[in-house]
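Structural features, examined
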Protein chains: 4
Amino acid sequence: MQATLQATTEILEERGFAALTIEEVANRAGVGKATVYRWWSSKGTLAFDAFGARFLERHPLPDTGSLEGDLLAALRSWITVVDGTTTGRVLTGLLAEVQRDPELADEWRQRFVGVVRTQQMIMIERAIARSEISADCDSNVVLDLLYGPAYHRLLHSHLPLTDEFARHVVDIIVRGLTVGDVGTHEELS
Amino acid sequence: MQATLQATTEILEERGFAALTIEEVANRAGVGKATVYRWWSSKGTLAFDAFGARFLERHPLPDTGSLEGDLLAALRSWITVVDGTTTGRVLTGLLAEVQRDPELADEWRQRFVGVVRTQQMIMIERAIARSEISADCDSNVVLDLLYGPAYHRLLHSHLPLTDEFARHVVDIIVRGLTVGDVGTHEELS
Amino acid sequence: MQATLQATTEILEERGFAALTIEEVANRAGVGKATVYRWWSSKGTLAFDAFGARFLERHPLPDTGSLEGDLLAALRSWITVVDGTTTGRVLTGLLAEVQRDPELADEWRQRFVGVVRTQQMIMIERAIARSEISADCDSNVVLDLLYGPAYHRLLHSHLPLTDEFARHVVDIIVRGLTVGDVGTHEELS
Amino acid sequence: MQATLQATTEILEERGFAALTIEEVANRAGVGKATVYRWWSSKGTLAFDAFGARFLERHPLPDTGSLEGDLLAALRSWITVVDGTTTGRVLTGLLAEVQRDPELADEWRQRFVGVVRTQQMIMIERAIARSEISADCDSNVVLDLLYGPAYHRLLHSHLPLTDEFARHVVDIIVRGLTVGDVGTHEELS
DNA sequence: GCGTAACCGAGACGGTACGTCCCGTCTTGAT
DNA sequence: ATCAAGACGGGACGTACCGTCTCGGTTACGC
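Residues numbered from 1 in each chain as written. Chains lettered and ligands numbered in written order. Predicted model: local features only at pLDDT ≥ 70, side-chain atom pairs only at ≥ 80, totals over all residues. Heavy atoms only, no water.

What follows concerns the packing of helix α7 (residues 102-129) of chain A against helix α8 (residues 139-156) of chain A. All names here are of chain A. Two numbers describe how α7 lies on α8: the axes approach to 10 Å, and their chain directions differ by 115 degrees. As α7 packs across α8, the resulting crossing turns out to be right-handed. When α7 is examined against α8, the residues Phe112, Arg117, Gln120, Met121, Met123 and Ile124 are found in contact with a partner set consisting of Ser139, Asn140, Val142, Leu143, Asp144, Leu146, Tyr147 and Tyr151. A breakdown of the residues in the contact of α7 with α8 according to their chemical character gives 9 nonpolar, 3 polar and 2 charged. (Axes fitted to C-alpha atoms, helices over the stretch in contact; angles between N-to-C directions. Helix = DSSP H or I, 4+ residues; strand = E, 2+ residues; numbered from the N terminus. Left-handed = near helix turned anticlockwise from the far one by under 90°. Contact = heavy atoms within 4.5 Å. Nonpolar A, V, L, I, M, F, W, Y, C, P; charged D, E, K, R; others polar.)

So, in structure tokens, the structure goes:
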């Protein structure tokens, strides 16, 4: 079980998610295929477990004292972990797999997206506590605005994940959140 | 060739990208497998061609006269085309495939991402022309901020693509872009 | 152990020897696989034990007073037990298994073939005692001539095990054995 | 296809039918497993084809001029081909397989048993033509009496296939057939 | 009457082969 | 001459059992 995850990690780092094969994992781990299937229902869940915690460890919650500082630190940290790294390729591979396996999608939402967002949400809550932003700000939308563009570039690779990009993104979000106590979007149709 | 695309479209709509096989396409189209390979190098490019133009047709460039109106119209249109539809599932399937096939990734960037963004960029340019926003605004970042969160929710399905979501996203972006000329948020702290 | 044999018998009767697995026997008997292996070294020996005595009980030694009567009664009894019955299918299944498992082959010879033949041999000995046939007649060959053709038809199923078949076989054997003392067939040519 | 049969023959000769594996055949022949399955529906039919003609070639129809001579020559030839040889072990392996695979059983009857018997029947017909034996003699029973005991010893291996055995068997059969123009088995109940 | 050992069910384990599905390439026969 | 039809070598799939091996829980025995 440990050996299986170890073998999985190795293959993921050597050749990426697409080349991951239950057969090879079993061989490398010196384990029967049936044993792998007994513990993981698909190569998606296996890869997810091998990938798992590692990501969260490497992408901790920042605490700089200001919303802008936090968001920027978080985004920079994410980019560092993900851009041009094995982790990044595994992440995109997993995200791809999630699109074709609904069962994995559940796991993904609960054990990855949920965990990351619950943690990162604290940044927004702290900003509200500090009265930097309005209390009725939708923190989910803020997180989507922060990470959405980053995933967008990672997945489409139409443009690089530069530090400038990070600064721009954070800048616009923070301005958008902190400017207006007057006027709401409800005016829009 | 027409029959091949037709068959591809049918399968995509019936059972999604993951269930698409060249073998079945050829059988359904009454065409030899070799003939399919002669025209498309992978099932990714085939699906892309079958999916292709349809998306652009259904997601036209809006022109409401204001940046906020344009962005909101664009995002709403995207959500309509993609949320809970076959098109949406094909889009996520293709995006997944793009992660594992670098050759397809090139095609994707050039023939999909590039085309959409070139078109949508016009919204930003018009806003600059109208002096709604600063001329040195990075229009690429704006598009990432607009579509990134949407793709984010589509791919992770952690939260629904509601109209409220669209309004919030656009509201924050527009505020973030338009406030800047009167000062910076640092003053608020 | 009783339960194991019971379960084995059930499976043999329901689905035949080929479908017999230790795994299912253990499950049905509510017994651990290891326990089955503790008592039987292979599914061959297990099936043999479950099949075992039953055959001999159902195929007793006849005593009609004449060689011809005995042989015919024996052959008819064998056919009745074996033709179109579950017992017959188990017998052929076991005989098949014996071909691939030399260890089982030993058991088979000692505990089945040996027992049956020792018993049936008595028919020949009685015929010799009655002076129906010569004392230097090879009783082993006689038994092979009696049961060989029967097994032949059972295993190849090229022709049915009719009563006419039994009568012909016995007739030829008996004639072949009893004519000898008055001369040889060469005189007839 | 030729390579497949070649590989099959090799494995059969090296390690016997029980050790025959489609997987290994495919590997040795440098052929996809699917290709093997495309031509042979089971390892039984495959082994049968590889075994096939060879047996008939090696076991020709004798023609000595007398029934006794023919039967003895045939039986001796069979014993030579089969006793202690690879061919013999393949034959018993196949016969075992025939017991568990009804589809193979059909093939076996039509393409092996049928062919051999049709050929060997000629011996009996010639004896009838020569008036050695009665015309209403059941030639099927004669063949069963000739080969039945031989298969019996081969499969149960309770006794060796000696030449003495062959002579005894043939002797009894021939006497049984040629003695009596008087008295018929119908007298029996 | 209470430890303690033997037993045994349950089933996980490392393996092997199964038969199937597609892959992308190559051959063939009919139009 | 083109192309549908589909055979081909290949590789991974997920499953079924093999025979071995821990695990606990339950008896039943000796103290």
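A word on the interface of chain D and chain C. Taken together, the contact between chain D and chain C spans 49 residues of the former and 49 residues of the latter. When the two sides are added together, the surface that chain D and chain C hide from each other amounts to roughly 4400 Å², 64% of it contributed by carbon and sulfur. Our count for the chain D to chain C interface comes out at 4 salt bridges. D:Arg153 is the partner of C:Asp144 in a salt bridge, and the nearest nitrogen-oxygen pair spans 2.5 Å. Our count for the chain D to chain C interface comes out at 10 residue pairs in polar contact (both at pLDDT 80 or more). Secondary-structure elements contributing two or more residues to the side of chain D that touches chain C are α6 (86-100), α7 (102-129), α8 (139-156) and α9 (163-178) of chain D. For the side of chain D that touches chain C, the element with the most residues is α8(D), which contributes 12 residues. Among the residues making up the side of chain D that touches chain C, the classes are represented as 23 nonpolar, 16 polar and 10 charged. (Buried area = accessible area lost by both parts, 1.4 Å probe. Salt bridge = Lys/Arg side-chain N within 4 Å of Asp/Glu carboxyl O. Polar contact = N/O pair within 3.5 Å; in protein donor to acceptor, adjacent residues only side chain to side chain.)

Between chain B and chain A, the residue contacts involve 49 residues of the former and 49 residues of the latter. Summing both sides of the interface, chain B and chain A together bury roughly 4400 Å²; the carbon and sulfur share of this comes to 63%. In this assembly, chain B and chain A are joined by 10 residue pairs in polar contact (both at pLDDT 80 or more). Elements with a minimum of two residues in the side of chain B that touches chain A: α5 (67-82), α6 (86-100), α7 (102-129), α8 (139-156) and α9 (163-178) of chain B. Along the lines of polarity and charge, the residues of the side of chain B that touches chain A split into 22 nonpolar, 14 polar and 13 charged.

Our focus in this paragraph is the arrangement of the chains. As for chain C relative to chain B, no contact occurs, and the smallest C-alpha gap between them is 34 Å. Nothing in chain B touches chain D, and the closest approach of their C-alpha atoms is 16 Å.

With that out of the way, let us pick up unusual backbone geometry. Residues and elements named next belong to chain A. Unlike most non-glycine residues, Ser157 shows phi in positive territory, near 40 degrees. On the secondary structure map, Ser157 appears in the loop between α8 and α9 (163-178). On the basis of relative accessible area, Ser157 is assigned to the partly exposed category, the value being 38%. (Buried < 20%, exposed > 50% of the residue type's maximum accessible area, 1.4 Å probe, protein only.)

What follows is about the protein's contact with DNA strand F. The immediate surroundings of DNA strand F are formed by 25 residues, with A:Lys33, A:Tyr37, C:Lys33, C:Tyr37 and D:Trp39 found nearest. Sugar plus phosphate, as a fraction of atoms of DNA strand F within 4 Å of the protein: 62%. The side chain of A:Tyr37 places a nitrogen or oxygen atom 2.3 Å from a phosphate oxygen of DNA strand F. Note that a phosphate oxygen of DNA strand F is positioned 2.8 Å from one of the side-chain N or O atoms of B:Thr35. Elements with a minimum of two residues in the surface near DNA strand F: α2 (22-29) and α3 (33-39) of chain A, α3 (33-39) of chain B, α2 (22-29) and α3 (33-39) of chain C together with α3 (33-39) of chain D. The greatest single-element share of the surface near DNA strand F, amounting to 5 residues, is contributed by α3(D). (Near = heavy atom within 4 Å.)

Right, let's talk about the relation of the copies chain D and chain C for a bit. Overlay of chain D on chain C (RMSD 0.2 Å): rotation 179 degrees, translation along the axis 0.1 Å. Read as a symmetry element, the transformation amounts to a two-fold axis. When the interface residues of chain D are mapped onto chain C, 92% of them are again interface residues, pointing to one common binding face. (Least-squares fit on C-alpha atoms with pLDDT ≥ 70 in both.)

Taken together, 25 residues surround DNA strand E, and among them A:Trp39, B:Lys33, B:Tyr37, D:Lys33 and D:Tyr37 come closest. Close to the protein, within 4 Å, the atoms of DNA strand E are drawn from sugar and phosphate at a rate of 65%. Between a phosphate oxygen of DNA strand E and a main-chain N or O atom of D:Ile22, the distance comes to 3.2 Å. With respect to DNA strand E, the side chain of D:Lys33 contributes an N or O atom lying 2.7 Å from a base oxygen. The set of elements that each furnish at least two residues to the surface near DNA strand E consists of α3 of chain A, α2 (22-29) and α3 of chain B, α3 of chain C together with α2 (22-29) and α3 of chain D. Of the residues belonging to the surface near DNA strand E, the class tally is 10 nonpolar, 8 polar and 7 charged.

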